[in-house]
Amino acid sequence: MKNRTRIAGLHVDNSKPVRGEEIKIAGYLQWYDEKAKRWEPLRDWVKLVIDGFEIARTLTKHDGSFEFKYSSSLTGKKKIEVRYAGKEKYEPCRGEITVEVITEEERKKVERL
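Residues numbered from 1 in each chain as written. Predicted model: local features only at pLDDT ≥ 70, side-chain atom pairs only at ≥ 80, totals over all residues. Heavy atoms only, no water.

Student: Would you explain the pattern of salt bridges in this entry?
Tutor: As a working rule, side chains carrying opposite charge can pair if their charged atoms are close by. Using the criterion set out here, one finds eleven salt bridges in the structure. The closest approach of N and O atoms between Glu-34 and Lys-37, which form a salt bridge, is 3.5 Å. Since its relative accessible area comes to 39%, Glu-34 is described here as partly exposed. Salt-bridge contacts for Lys-87 lead to Asp-44; the nearest nitrogen and oxygen are separated by 3.3 Å. Here Lys-87, found in the loop between strand S7 (76-84) and strand S8 (93-101), pairs with Asp-44, found in the loop between strand S3 (38-41) and strand S4 (45-50); they are 43 residues apart in sequence, far enough to count as distant. Its relative accessible area of 40% is what places Lys-87 among the partly exposed residues. (Salt bridge = Lys/Arg side-chain N within 4 Å of Asp/Glu carboxyl O. Buried < 20%, exposed > 50% of the residue type's maximum accessible area, 1.4 Å probe, protein only. Helix = DSSP H or I, 4+ residues; strand = E, 2+ residues; numbered from the N terminus.)

Student: Help me understand the packing of aromatic side chains in this model?
Tutor: Aromatic rings in a pair are described by how distant their centres are and how their planes are angled relative to each other. If you walk through the whole model with that rule in mind, you get three aromatic pairs. Relative to Phe-68, the ring of Phe-66 has its centre 6.0 Å away and its plane inclined at 55°; by these criteria the two rings are tilted. Exposure remark for Phe-68: the relative accessible area of 4% places this residue in the buried category. (Phe/Tyr/Trp six-rings, centres within 6.5 Å; stacked < 30°, edge-to-face > 60°.)

Student: Could you clarify how one ought to interpret the pairing of strand S5 (residues 53-59) in this entry?
Tutor: Across six bridges, the pairing between S4 and S5 is antiparallel. Bridge pairing links Val-49 to Glu-54 in S5. The loop that links S4 with its antiparallel partner S5 comprises two residues; one of these, Asp-51, has a positive phi angle of about 50°. (Pairing = 2+ DSSP bridges.)

Laid out in structure tokens, this is it:
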């Protein structure tokens, strides 16, 4: 039987970046320890997928944390996923969030409000 896994705490430092502005996407890869009844960090590879296209891969740190940097030259909503493929002992999982890349003019309108 495989252990459950999850992408926990998935977040971005800016959910409405301006076109070309770099954002950070971060979170944790964890597995559930049935005996201890708690989530534990998992050190393994995760990949960043945006609108269905793989953008990058990274190895999580010892505490399960990961971070990606991303910038888009196109405006509009972006579906951001962090995926874990799983292994012999661990189930695959993914986390998902949405950001909206806006123009400089749209940013100025938001700042005025």
